[in-house]
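Per-entry structural report
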Number of protein chains: 2
Amino acid sequence: MSTSPAAPLVDMGLSIEKMEKVAFILKTTAHPTRIAIVQLLAAHDSLSVSDISERLNVEQSLLSHHLAGMRLKGILSSTRDGKNINYALKMREVIDVIQCLAGCTFL
Amino acid sequence: MSTSPAAPLVDMGLSIEKMEKVAFILKTTAHPTRIAIVQLLAAHDSLSVSDISERLNVEQSLLSHHLAGMRLKGILSSTRDGKNINYALKMREVIDVIQCLAGCTFL
DNA sequence: CAAATGTATGAATAAAATTTCATATGAACA
DNA sequence: TGTTCATATGAAATTTTATTCATACATTTG
């Protein structure tokens with residue numbers, strides 16, 4: 001599932017499996033557009049693709065790819081409403097993660 | 001410095017600049033080996049490259065590349081002590097970021 | 001049903017990130 | 001000084017991620 005050294009990382013409280021999962025989530029979030037998506041959905045609770053596309057000024061297809069990835073990895077959920085598909089933040093913990101870093105004075 | 005959409009992301013409390021910085025830090029952390037490094041240095045306050053290499057069972061050169069990247073991005077600091085070079089956690093906030101996610105029940 | 005709208009998908013490409021390997025550098029020590 | 005130990009560095013090879021583009025799919029509406 002992820003890059004793992006030949007004979008791995010057995011140490012400290014966090015198991016290697018958990019470290020991989022954490023890395024997986026971090027990687028899924030580590031992109032300006034995706035951070036913006038999280039921010040948006042942190043404040044809105046559910047938005048359609050076109051809503052997000054307009055607000056972030058990101059092209060439909062590209063956005064769709066980002067959203068699909070984030071949903072696949074469990075960060076977002078989606079439901080259809082007529083022609084639209086609404087996305088919502090499922091793993092709300094990522095808000096804290098972002099805010100934690102965003103709060104750093106030196107950034 | 002980072003992938004940014006044509007005409008970007010003007011929205012919410014977090015400025016696009018800050019989102020890019022946050023993404024930058026997240027990306028720098030989003031790797032099992034690097035998470036392990038943070039964990040180790042969260043508990044040890046300073047370790048040499050060979051210390052880390054042995055504990056994590058990661059090959060010298062590869063580790064050096066990871067460490068250099070993390071230092072460059074301000075997450076670690078390093079000081080020489082004779083033949084050794086000791087690395088320490090500079091941006092301690094990343095501990096919280098990792099612990100936040102690590103605390104997720106579903107991981 | 002045909003056209004329009006909103007979204008997804010897949011293939012091709014482009015750009016980054018990771019890993020490996022060979023070699024360089026710098027400090028210590030015989 | 002020459003050798004050894006600890007670490008860094010750089011170039012290639014590989015793998016992963018991001019972007020674009022064309023097109024497909026589903027739902028609504030005329």
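Residues numbered from 1 in each chain as written. Chains lettered and ligands numbered in written order. Predicted model: local features only at pLDDT ≥ 70, side-chain atom pairs only at ≥ 80, totals over all residues. Heavy atoms only, no water.

Now for the packing of helix 5 (residues 93-102) of chain A against helix 1 (residues 16-29) of chain B. For the pair helix 5 of chain A and helix 1 of chain B, the least separation of the axes is 10 Å and the interaxial angle reads 105 degrees. In terms of orientation, helix 5 of chain A lies roughly perpendicular with respect to helix 1 of chain B. Every residue of helix 1 of chain B that contacts helix 5 of chain A at Val97(A), Ile98(A), Leu101(A) and Ala102(A) is listed here: Lys18(B), Val22(B), Ile25(B) and Leu26(B). Looking at the contact of helix 5 of chain A with helix 1 of chain B, its residues break down into 7 nonpolar, no polar and 1 charged. (Axes fitted to C-alpha atoms, helices over the stretch in contact; angles between N-to-C directions. Helix = DSSP H or I, 4+ residues; strand = E, 2+ residues; numbered from the N terminus. Parallel < 35°, antiparallel > 145°, perpendicular 65-115°, else oblique. Contact = heavy atoms within 4.5 Å. Nonpolar A, V, L, I, M, F, W, Y, C, P; charged D, E, K, R; others polar.)

Residues and elements named next belong to chain A. All told, the structure shown has 2 salt bridges over all chains when counted by the stated rule. Here Lys21 and Glu17 are joined by a salt bridge, their closest N and O atoms 3.2 Å apart. Placement of the pair is Lys21 and Glu17 together in helix 1 (residues 16-29), with a separation of 4 residues, close to one helical turn. The exposure class assigned to Glu17 is exposed, which follows from its relative accessible area of 51%. (Salt bridge = Lys/Arg side-chain N within 4 Å of Asp/Glu carboxyl O. Buried < 20%, exposed > 50% of the residue type's maximum accessible area, 1.4 Å probe, protein only.)

Let us now look at the packing of helix 2 (residues 32-44) of chain A against helix 1 of chain B. Relative orientation of the contacting elements helix 2 of chain A and helix 1 of chain B amounts to 115 degrees, with a least axis distance of 8 Å. The orientation of helix 2 of chain A with respect to helix 1 of chain B, classified from their angle, is roughly perpendicular. Between helix 2 of chain A and helix 1 of chain B lies a crossing of right-handed hand. Touching Pro32(A), Ile35(A), Ala36(A) and Gln39(A) of helix 2 of chain A are Met19(B), Glu20(B), Val22(B), Ala23(B) and Leu26(B), all from helix 1 of chain B. (Left-handed = near helix turned anticlockwise from the far one by under 90°.)

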